[in-house]
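# Results of the structural survey
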Amino acid sequence: MDEMEEELKCPVCGSFYREPIILPCSHNICLACARNILVQTPDAESPQSSRASGSGVSDYDYLDLDKMSLYSEADSGYGSYGGFVSAPTTPCQKSPNGVRVFPPTVPQPPPQQHLLPQPGSLPPIPRNSCITCPQCHRSLILDDRGLRGFPKNRVLEGVVDRYQQSKAAALKCQLCEKSPKEATVMCEQCDVFYCDPCRLRCHPPRGPLAKHRLVPPAQGRISRRTSPRKISTCTEHELENLSMYCVQCKMPVCYQCLEEGKHGTHEVKALGAMWKLHKVVRDQISHCTVKLRQTTGLMEYCLEVIKENDPSGFLQISDALIRRVHMTESQWGKGTLTPRMTSDFDLTLDSGPLLQTIHQLDFVQMKVAWFTFDPVSAHPDIIFSNDNLTVTCNSYDDRVVMGNSAFSRGVHYWEMTVDRYDNHPDPAFGIARGDVLKDVMLGKDDKAWAMYVDNNRSWFMHNNSHTNRTDGGISKGATIGVLLDFTRRIVIFLINDEQQGPVAFEGLEGVYYPAISLNRNVQVTLHTGLPIPDFYTPGEADPTGSVC
């Protein structure tokens, strides 16, 4: 997870995010840092029609470049906002990440009062606030809500907390064979963490190891990151440093190589001069390395976000995260890997072994799915609320509504809670094909597989065939679970975390949508992204037809 650390740090202060907010460009910033980089602009410079808020990408207000200098090739930070009357005149400061931050605005003293009252005097000129993203340098005029208009990234806060907790965990001994003990020292020369017993056994304080430097584990972790690069030595003459470059052999050599005659007749140049001559190669490799590290960090961050069990927090940042992934992907395709070296170098990326390894991987189907009810395909009588997670109906007849995602493989589990249950109706819960009938109870036709239930008992129904009557009904507050397992090709129903009846349906193949049918006496709320129930173990088909 080390590659993810930069993804969890604010681009302004360089520290881990604290109270991060999401800018419309999908980047994040600490709330306190956002206050520091706000710039006050007069109303005359920003018409009311061009004001933007933090509610979406389309709200960007790209300020004219002739009004302020935001970014230049010579200066990677923010420039002065010289075009504005209210531009700060105090010098700006630089954050640890190189982003320039304006100091807090000093409030202006109130104007001197006239000796005589001026009833018709005008109020102070109202001012707007402008914020510029420190990563993509897009500018935005804030509306009346100010920074409160930007959503808080609760998921990112959770990922930062988990990451810091994992880093705070004690370092373990690297030589313990079973149940590694907590490390007490690290040898800088051996680059190994030891517990006390292993240190006495493998690193005695006598003999040739006595001169090794032992440091506390925390200090050792830091020294691993900050240790200086070792000077390269010649492979044939281990005591000689590489100081020359043989142009004909295209390899660094030492003075002894030249004296022995192996490269005596070849053209050689100073190693430093050749390094500067071909600096473009080093720059490109460095650029690709940084880009790869950033992309890897973004991937690890995405994986941590997927683990979140807060549906509202996940849905809040999912679109922004997808945009960032697409933006990163497009940047890789816009010349990041375009060769810019001279003819002296022949760098070729051989992706064959990597592709072969990828094809051989056995990916595990993720068991978490996020979806909502689909208003597009639902019957017109269905009423939606709570971001399409809660549904009811305005008809006394049963109407069908499906989810907006379909499944064809893997193991999936979702639940619905009964918010309202009047006059003992028979709502039905299950799965359906995309062309299921929407104006009859779920399971009446051959396109749906469902369990319908009243306040006392339940039945399974497919193609209007009623089977497996089971005692146990629902009431207000009850929870109905649906477990769809394509590895066993079965569907199972649960009521209040208990399996209701045997395996409901078997031999399922193809594409299925989550679906329910209900009338005006019922209201339910959908819960997705849930883990598989503890009692259930996905695997091969069960010949007994039961999984309890």
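This section reports on the structure supplied with the text. As a convention, each chain's residues are numbered from 1 in the sequence order in which they are written. In keeping with the model being predicted, local features are shown solely for residues with a pLDDT of at least 70 and side-chain atom pairs are shown and tallied solely at 80 or more, while totals for entire chains, interfaces and linings include all residues. Values shown for side chains rest on all heavy atoms present in the structure; no hydrogens or waters enter the calculation.

## Brief notes about the packing of aromatic side chains
- Two aromatic rings, drawn from Phe, Tyr or Trp (for Trp, its six-membered ring), form a pair once their centres lie within 6.5 Å of each other, and the interplanar angle then sorts them: stacked below 30 degrees, edge-to-face above 60, tilted otherwise. Scanning the model with the defined rule gives 10 aromatic pairs in all.
- Here the aromatic rings of Phe16 and Tyr163 are separated by 5.8 Å at their centres, their planes lie at 50°, and the arrangement is tilted. Here the residue Phe16 occupies a position in the segment before strand S1 (20-22), and Tyr163 occupies one in helix H2 (residues 154-168), the gap between them amounting to 147 residues.
- For the pair Phe486 and Tyr512, a centre-to-centre distance of 6.1 Å together with 35° between the ring planes defines the contact as tilted. One end of the pair, Phe486, is in the loop between strand S22 (479-485) and strand S23 (490-495); the other, Tyr512, is in the loop between strand S25 (505-506) and strand S26 (513-518), with 26 residues separating them in the sequence.
- Three or more aromatic residues link up through ring pairs in this structure, and these residues are Phe371, Phe407 and Trp414.
- Taking the ring centre of Phe16 as reference, the NZ or CZ of Lys9 above it sits at 5.7 Å. Secondary structure elements follow DSSP: runs of H or I of four or more residues count as helices, runs of E of two or more count as strands, with numbering from the N terminus. Each ring is checked for a lysine NZ or an arginine CZ that lies within 6 Å of its centre and within 35 degrees of its normal; such an atom marks a charge sitting over the ring.

## Comments concerning the sheet that holds strand S10 (residues 214-215)
- The rule for pairing is simple: two strands pair if DSSP sees at least two bridges between them. Strands sit in the order S9-S8-S10 across an open sheet of 3 strands; the sheet is antiparallel. Two strands bound the open sheet, and with one partner strand each, they are strand S9 (192-194) and S10.
- Bridge count between strand S8 (residues 185-187) and S10: 2 bridges; the pairing is antiparallel. By the bridge assignment, Cys187 is partnered in S10 with Leu214.

## What to know about the nonpolar core
- The biggest cluster of nonpolar side chains holds 37 residues, and the ones touching the most others in it are Trp414, Met416 and Ile516.
- Of all the secondary structure elements, the ones that give two or more residues to this core are strand S15 (390-393), strand S17 (411-421), strand S18 (428-432), strand S19 (448-453), S22, S23, S26 and strand S27 (522-527).
- The element best represented in this core is S17, accounting for 4 residues.
- Core analysis: the next-biggest nonpolar cluster, separate from the first, contains 36 residues, Leu23, Leu31, Leu147 and Tyr301 among them. We call a set of buried Ala, Val, Leu, Ile, Met, Phe, Trp, Tyr and Cys residues a nonpolar core when their side-chain atoms join them within 4.5 Å. Throughout, exposure labels follow a simple rule: accessible area from a 1.4 Å probe, protein chains only, divided by the maximum for the residue type, with under 20% read as buried, over 50% as exposed, and the rest as partly exposed.

By themselves, these figures tell us nothing about what the structure is for.
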